[in-house]
Each structure stands twice: as C-alpha cells, then as structure tokens.
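Spelled out from the first residue to the last, the chains are:
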Amino acid sequence: MAAEGGGKEMNEIKTQFTTREGVYKLLTHSEYSRPNRVPFNSQGSNPVKVSFVNVNDQSGNGDRICFNVGRELYFYIYKGVRKAADLSKPIDKRIYKGTQPTCHDFNPLTATAESVSLLVGFSAGQVQLIDPIKKETSKLFNEERLIDKSRVTCVRWVPGSESLFLVAHSSGSMYLYNVENTCGTTAPHYQLLKQGENYAVHTCKSKSARNPLLRWTVGEGALNEFAFSPDGKFLACASQDGFLRVFGFDAAELHGTMKSYFGGLLCVCWSPDGRYIVAGGEDDLVTVWSFSDCRVIARGHGHKSWVSVVAFDHCTTSVEDGDPPAEFSGSDEDFHEQIHFGAGRDRANSAHSRLSKRNSTDSRPVSVTYRFGSVGQDTQLCLWDLTEDILFPHLPLSRTRTHTNVMNATSPPTTGQTTTTTSTTTTTTTTVSTANPSGTNGKDNVSNSSTSANPANSLPGSLPRSNSLPQATNPPGGSTPNSHTGSSTNSSGSTKGNSIIDSAFIATGVSKFATLSLHDSRKERHEKDHKRNHSMGHISSKSSDKLNQLSSSRTAKAEVAKTLGTTLCPRMEEVPLLEPLVCKKIAHERLTVLIFLEDCLVTACQEGFVCTWARPGKVGLLSSQNNPANSPSGTVV
C-alpha cells in the first residue's frame, strides 16, 4: 500500500519521506544500537523498546535515552539531530541472565543531571527500579514472583507521582505499587474493592503497608498496553481479547469500551488534549475512538500486518480550543478546564501552546487537525491526519480543504444538502477488497440512513474518506481480483496473515493507494479465512502467548459475531475510513517504537536499531550550528 513503483522499489528501505510540512530525513549517523552495531538476532526476543527523559542539563543537551535489545539494556546521552551518536560511551549498560527486559519508563518528576529513576519490567514478571546515572539498583519488586509470574507488558509511573507506578502483565492483571513499600515474603491476599463488566479491582489485605496496593483484572487474555490520559485522570487499556477499556483511574470506574474489528488490541494512545484515543492491533487497522461520545469515529487502513505502536504528534497537531465533540454549539468555557496536562508531561505542553484561536463568530471549531502515526510488523511507518470532516461530519463546511477528501459528505437529513470537496493532489489509486466477517450485509444495530441509496460495493454517501489524495471510484459490480491475501512476510520468513481485511494491492502508475470495497464473495472469503488461520498457526509456533490466543480463537470469533455491527464495533461501511498521508517501508525487521519529539521522530525495529528522523528544516540548521566547519553530521544516504 502506498509503496512507490514496483519490483525492487517496493522492498526498498526509505531514508526520507515528504508531507505537507516538508521532507523528513533519516539521520544515519544518529542511529543508536548496541556498541558494535551488529544487527541483533531477534528470534525469541522481546520487542525493542525506547524511553526518553530530560534531566534539565544546563548545557542544553539534557535528553537521555534508554533501550533494550535482547538481554541487554543501554542508557545513553541522546544527541538527536544535533550530533552523531557516540556508541562507544554508554552511560550505563546492563546484561541480564535468566530473564529479558520487556519495557521501561522514566519518572520525569525526579529526573536531574545527577540522578534518574528508571523502572524496568522483565519477561519473568519482576520489576526493577534502577538509577543508570548513579549506576545503582534501588529495589526489585515481585522478586519471588509471588504477585504475578507472567511477563510484564507495560510499566508506567503514575502521572504527577514520585512514588506510585502501575504494572501490566500478560496474565491480564495490573498492579499498583509504591516504591516505598516492600512486597512481602508470602503471596498477597486480596479483598474486592470494585467490580464491573469484565473487570475487577482488589485491595491488598495486610496489617502493614505492602505491595501491591491494588490489583486490577481486566478482560480476558494479556493486557498488552495501557496509557494514562494527559491529565492523569483516566486510563486506557488495550487487551488481547480485542477490547479497549477506559477507566476513571482514581474511582476505578469504567468510562467506556470499544471492540477491535478482529483479534487483539496491541497498542493505545491519547490525543494531546485527551479528546480522542487511537488503538491498533491484529486487525491491521488504527481505530479512532471519541472519549466524550464513547464511540468509534473512524478507522484507518494502511498496514499489511499487525499494528505495533500508535502515537500522536503533538507538534503537528492543531486543536481548536472550542466545544467538546459531543456538543457542536454553545459555550466552550467548560472545555477550557479540560485542556490541561499532568505534572511531568512536558512534551504535551507544546501541543497546548499550539492550540489555534477560535473564531468568535462561529459556533464550532474552524480548524481541527490531529496528526498521529503508526508502525507495524509489516515494517511500515504510516502518518495520518484526523480532520474536522471526520470529527464533525454533520456540519456545513466553512472553507475549502486541500488535505481532506470528502465523498458525498452530507449534512443531517433535515437539511438535505450535499457538499463535496476535491483534493488538490493528483495521483492514482488502488482498490482493496474487504471480506465482510459477518457473512451478511443485512440490517444491524447501528442505523445509517444513506446506506440503501448506495451500491453494495461502495461506501455510504454520508461517510467521508480522509486522506491527502483523491479517491478512485470502485469498479461497478464488485471488487478487483485478489493478488494479495492480507499476509505479510517478515525477515525471518514467517508469514503474518491475521488481518480481517484481505487486500488486493495493484500497482497503477508510479504510486499506489488503497480504498476499501465492502463485500466479497463467500468463496473468496472462505479461501482467505483458511489462509489466514493457517498462517496464524505458523507464526504462533514459537510463542506461548500466541498459542494461548490461537486456542481461544473460537471464543474470539463468537465475541466478534456478538459485537460486530454494534456501537462497540461498527461495520467497516458504518464509519469513515482514513487513509495514510505517508506509508513507507523503513526497516528490514518489524517496527516496535514510534516516538515524536520536538525536532525529530524516533523509530526502532527488532534488529535493535534506534533511528532518528529529522523534521523538515531541522537537519542543516542544528547540525551546522554544532559543526560550522564540517558537513552536517546527519548526512542522508
């Protein structure tokens, strides 16, 4: 999808890409890895993860980076676009025996040039608190594995706290710890605190203070990732059972849920203002969920395999300081109170400072654009724009848009007016054939008044598509012939094919893009399901977590049948479809990291290479300031 050219070019690793802001360039000399720079054998290893912290160093070089590769953990000064990486001088390096680091997180509140607090989770279930500057190991939590024996999937400091942190495990449980408390020498006993649909919260029964303070059990299967809202009040959890669950953290109350289109959810993130959540996973989609409305507002298709990471770009996001999404008129003073950010979340502040001014004569936001990115096991980086055409589909358009294409976007039925906007970019398109997992295209719980007026193989007129390129109309009578089954192959040779969307990617002209037709023949769908399930078993052979997932596939399919077509999981034709602004292959191995910084974005792949991509205009300026007599250190190859 969106690959340029054909043949060898389709597999070529890109070193730069262009958006409307300009050209992003890979800085090959700013690549971090193991000191010998030898690619890492990733077979059987946990994903490479990256954490950043700023220690407020007066020299102006206060960024620090931590990343794990196999059994190793590295801590460096991060020089970003300013200077080439010096891999010969890590501040700290640790090699673990019997277990592997799986995730880590810095506490920004306590970080100084002399000391940082770093939490590290491990494959055997332990959590370690270390100081890589002082080279000290402060504490080891769950050392005897009495609390949980399963792999740590995510660890985060509680926003605004110097001592509280939250840990998620592949068992589906989360635990709240206090660094001041011990874990005890016996298994903890719990008392039910709160219970709801598919979740429960227990307190630890003990005469003296001990860890964990709380135990959350969420959904079925692994809890793959969680994320705190920018204000720290809410917690979004992405689970292997395919559900996104959003809780009020202090009250431990469920705010809302969403179901993936297929398979488990692997990643989740919040928009800088806390109004939207994006999740990705094994359905190869990115799904945008409205926090205030508790509903899916858009899906994005661009990846050919599982989506590993989703992240908002706070620098490119421009958010109107207006009404909440649920209310399109009236006062916005209530929302002024909502847009604030938790202590220690310094990077979110830049998004707040970029909020555009509201037009006092208009009753709704006039300029809304959220930029987010995603990386996946297909080795591709995708960038997406979430615009007002998607956020406010039933409102009249106030101006011409050049970066969003709207197909027959309609006002509410009472007005009967239709507005069409044409993108100024010219390119060719590709048609993607989509199997309807329900096997029917009949009525369902989510009504759509425009569906009956459209052909069965096209999107309803009321649903806009958002991208930077114009759409080609699907051929009448059905979908294009299949040349791709939705499977992708990683460098190890294993095939990944668990997508609910089976895509036909046909090269037309210089570039390729994709749209979705909504239905497929039952025969084709049966063949694809067979291939998908076969490849799923093939890639799961070496992973106990995935084997467990495969064994419960019947339960998962039954769950899909229950939720598909409801507000938890609308059908593909019932919500707008986003298409990526950029979709580039940037690595040989599956991608596991995407982080947006002020002057660059950072990616990492399972080979163990951490790459820096300079934002437009940031390469020559900063490099020449540091190396006035030499060529820029970040030369693009």
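Just so it is clear, the model here is predicted, and its values are computed rather than measured.

1. Quick look at the overall build of the protein
- Secondary structure assignment for the protein yields seven helices and 39 strands.
- In the protein, which comprises 637 residues, the share counted as buried stands at 58%.
- Accessible surface for the protein amounts to roughly 25,900 Å². Of this, 50% is attributable to carbon and sulfur atoms.

2. As for the sheet that holds strand β19 (residues 243-248)
- Taken in spatial order, the four strands line up as β17-β18-β19-β20 in an open sheet, and their pairing is antiparallel. In this open sheet, the two edge strands, each paired with only one partner strand, are β17 (223-228) and β20 (253-259). Strand-to-strand twist of the sheet, defined as the mean angle between neighbouring strand axes without regard to direction, takes the value 20 degrees.
- Alignment of β17 against strand β18 (residues 234-239), held across five bridges, turns out to be antiparallel. When the sheet's bridge partners are listed, F226 is paired in β18 with C237.

3. Looking at the pattern of salt bridges
- The full count for this structure, using the stated rule, is 15 salt bridges.
- We note a salt bridge from R371 to E21, for which the minimum N-O separation is 2.8 Å. Linking R371 in strand β26 (residues 369-376) with E21 in the loop between β1 (16-19) and β2 (22-26), this pair joins segments that are 350 residues apart in sequence.
- Under the relative-accessibility criterion, E21 is labelled partly exposed at 30%.
- R94 is paired through a salt bridge with D92; the nearest N and O atoms lie 2.7 Å apart. There is no split in this pair, since R94 and D92 are both buried.
- Here the salt bridges share partners, and the residues they tie into one network are R20, E21, R371 and D385.

4. Digging into the sheet that holds strand β13 (residues 173-178)
- Taken in spatial order, the six strands line up as β11-β12-β13-β16-β15-β14 in an open sheet, and their pairing is antiparallel. Since the sheet does not close on itself, it has two edges, and those belong to β11 (152-157) and β14 (189-196), each with one partner. Averaged over all pairs of adjacent strands, the angle between their axes in this sheet comes to 20 degrees, without regard to strand direction.
- For strand β12 (residues 164-169) and β13, the ladder comprises five bridges, and the chain directions are antiparallel. Paired with L166 across the strands is L176, a residue of β13.

5. Some points on the packing of aromatic side chains
- All told, the structure shown has 25 aromatic pairs when counted by the stated rule.
- With 4.8 Å between their ring centres and 65 degrees between their planes, Y96 and F122 make a pair best called edge-to-face. In this pair, Y96 is assigned in the loop between β6 (92-95) and β7 (101-106) and F122 in strand β8 (residues 118-122), connecting sequence segments 26 residues apart.
- On the accessibility criterion, F122 (3% relative accessible area) is buried.
- Between F312 and Y370, the aromatic rings sit 6.2 Å apart at their centres with planes inclined by 75 degrees, giving edge-to-face as the arrangement. In this pair, F312 is assigned in strand β25 (residues 307-312) and Y370 in strand β26, connecting sequence segments 58 residues apart. The same class applies to F312 and to Y370, which are both buried.

6. Describing the pairing of β11
- Taking burial as the measure, the six residues of β11 include five buried ones, the bulk of the element.
- For β11 and β12, the ladder comprises five bridges, and the chain directions are antiparallel. Bridging from a neighbouring strand, C154 pairs with A168 of β12.
- Between β11 and the antiparallel strand that follows it, β12, lie six residues; G160 among them carries a positive phi value of about 80 degrees.

7. What to know about the nonpolar core
- Among the nonpolar cores identified, the biggest contains 24 residues, and Y32, V50, I65 and F67 are the most heavily contacted of them.
- Counting residues per element, the ones that place at least two in this core are β3 (50-54), β4 (63-69), β5 (72-77), β37 (591-596), β38 (600-605) and β39 (610-614).
- For V50, the contacting residues outside a window of four places in its chain are I65, C66, F67, H104, V593, I595, A604 and V610.

8. Looking at the confidence of the model for the protein
- A residue-level look at the protein finds 62% of positions with pLDDT of 70 or above and a mean pLDDT of 73.
- Per-residue pLDDT stays below 50 along residues 621-637; that stretch engages in 26 contacts with residues further than four places along the chain or on separate chains.

9. Looking at unusual backbone geometry
- The linkage connecting N211 with the following residue, P212, adopts the cis geometry, with an omega of 0 degrees.
- Relative to the helices and strands, P212 is located in the loop between β15 (199-205) and β16 (214-218).
- The phi dihedral of K135 is positive, around 60 degrees, even though this residue is not glycine.
- Along the chain, the position of K135 falls in the loop between β9 (127-131) and β10 (136-141).
- Located in the positive-phi region is R145, a residue other than glycine, with phi close to 60 degrees.
- When you line up the elements, R145 lands in the loop between β10 and β11.

Criteria and thresholds
- Residues numbered from 1 in each chain as written.
- Predicted model: local features only at pLDDT ≥ 70, side-chain atom pairs only at ≥ 80, totals over all residues.
- Heavy atoms only, no water.
- Helix = DSSP H or I, 4+ residues; strand = E, 2+ residues; numbered from the N terminus.
- Buried < 20%, exposed > 50% of the residue type's maximum accessible area, 1.4 Å probe, protein only.
- Areas by Shrake-Rupley, 256 points an atom, 1.4 Å probe, with all protein chains shown as cover.
- Pairing = 2+ DSSP bridges.
- Axes fitted to C-alpha atoms, helices over the stretch in contact; angles between N-to-C directions.
- Salt bridge = Lys/Arg side-chain N within 4 Å of Asp/Glu carboxyl O.
- Phe/Tyr/Trp six-rings, centres within 6.5 Å; stacked < 30°, edge-to-face > 60°.
- Core = buried A, V, L, I, M, F, W, Y, C linked by side-chain atoms within 4.5 Å.
- Contact = heavy atoms within 4.5 Å.
- pLDDT = per-residue confidence, 0-100.

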